[in-house]
Amino acid sequence: MANRDSRVTIHMAASLDGFIARKDGRVDWLETTDKFVGGDTLDPGFVEAFLKTIDCYVMGSRTYETALRFEARGLGWSYGDKPTFVLTRRELPRTRDTVKFHSGDLAEFVNERLRPAFRSIWFVGGGMVSAECLRLGLADEVRYAILPVLIGDGIPFFERLDRDVALHLAEVKAYKSGMVELRYEVRGQRGESRNAT
Ligand SMILES: NC(=O)c1ccc[n+]([C@@H]2O[C@H](COP(=O)([O-])OP(=O)(O)OC[C@H]3O[C@@H](n4cnc5c(N)ncnc54)[C@H](OP(=O)(O)O)[C@@H]3O)[C@@H](O)[C@H]2O)c1
């Protein structure tokens, strides 16, 4: 049974032209040098407190492989000690106990396993898994961080989405780094915004 209080969020950072990685998977362009004088500063204390509100992460195997490469280069593991579910049909290395692998019906997994157990469920990429999550009507909100850069080509935020998805803009924040964070609620399904008209 789905927990009525649970919330599925899709969160990624993308270039202004809508790519989450270069075609070969590189994300070097995430380091930008813009300055927006009127923007907010990301307070580390706020970020730490906010991350505590996330109960588990879900990601595709290619995103997991990128995370493993980051970790191997000494850049850390971004998902703390929270349960992290990796969608894959392959045998992949497992570097920590919090990582669990899953394959099969994503709707059943989210509605019958994750929603009853976790309140705040974060899908953190990549484009293929995010699109699958939206296609299946599983997402309640989309958080889209736009970086001040155009990269021309790459892996799109939502890969091969086969229909329109109506959204309600719930929050906009601009940061000193030139990043703009948009939070949209997904309309017309379980996550229908109560504020949207
Ligand atoms: N900018 C950002 O914020 C951001 C965030 C996340 C990722 N990224 C980048 O995006 C790229 C990866 O994105 P992507 O779209 O190529 O791949 P992805 O969504 O990370 O992973 C796709 C893979 O997940 C597995 N999968 C998907 N649905 C499944 C299901 N229902 N059951 C079992 N397995 C399933 C399949 O892999 P198998 O072959 O293993 O079965 C599939 O090929 C990386 O370069 C990463 O660095 C960027």
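Structure: see above.
Just so you know, these numbers come straight off a predicted model, no measurement behind them.

## Thoughts on helix α2 (residues 61-72)
Moving on, step 1. Over its 12 residues, α2 runs 16 Å from end to end, which matches the ideal 16 Å to within 8%, given 1.5 Å per residue.
Moving on, step 2. Turning to α2, its buried residues number three or more, namely Ser61, Thr63, Tyr64, Thr66, Ala67 and Leu68.
Moving on, step 3. Looking at the buried side of α2, the elements it contacts are β3 (56-60), β4 (84-87) and β5 (99-102).
Moving on, step 4. Gly74 sits one or two residues past α2 and shows a positive phi near 80°.

## A look at the nonpolar core
In globular proteins that are soluble, nonpolar side chains generally tend to be buried together.
Moving on, step 1. Judged by nonpolar contacts, the single largest core of 27 residues is most densely connected at Leu114, Ile121, Phe123 and Phe157.
Moving on, step 2. Elements represented by at least two residues in this core include exactly β1 (7-15), β3, β4, α3 (106-117), β6 (120-123), α4 (127-135), β7 (141-147) and β10 (180-186).
Moving on, step 3. Judged by nonpolar contacts, the second largest core, of 13 residues, contains Trp77, Tyr79, Val86 and Val124.

## Here's the deal with the site of the ligand
Moving on, step 1. Near the ligand lie 27 residues; those nearest to it are Ala13, Arg62, Thr63, Thr88 and Arg89.
Moving on, step 2. Backbone polar atom of Gly25 to an oxygen atom of the ligand: 3.2 Å apart, as the coordinates give it.
Moving on, step 3. Contact between the ligand and Ser61: an oxygen atom at 2.8 Å from a side-chain N or O atom of the residue.
Moving on, step 4. Taken by itself the ligand offers 940 Å² of open surface, and the protein chains cover 90% of this.
Moving on, step 5. Of all elements in the fold, only β1, β2 (19-21), α2 and α4 reach the threshold of two or more residues within the shell around the ligand.
Moving on, step 6. Its residues assigned to classes, the shell around the ligand comprises 10 nonpolar, 12 polar and 5 charged.

Parameters and conventions
- Residues numbered from 1 in each chain as written.
- Predicted model: local features only at pLDDT ≥ 70, side-chain atom pairs only at ≥ 80, totals over all residues.
- Heavy atoms only, no water.
- Helix = DSSP H or I, 4+ residues; strand = E, 2+ residues; numbered from the N terminus.
- Expected span 1.5 Å × (residues − 1).
- Buried < 20%, exposed > 50% of the residue type's maximum accessible area, 1.4 Å probe, protein only.
- Contact = heavy atoms within 4.5 Å.
- Core = buried A, V, L, I, M, F, W, Y, C linked by side-chain atoms within 4.5 Å.
- Near = heavy atom within 4 Å.
- Polar contact = N/O pair within 3.5 Å; in protein donor to acceptor, adjacent residues only side chain to side chain.
- Areas by Shrake-Rupley, 256 points an atom, 1.4 Å probe, with all protein chains shown as cover.
- Nonpolar A, V, L, I, M, F, W, Y, C, P; charged D, E, K, R; others polar.

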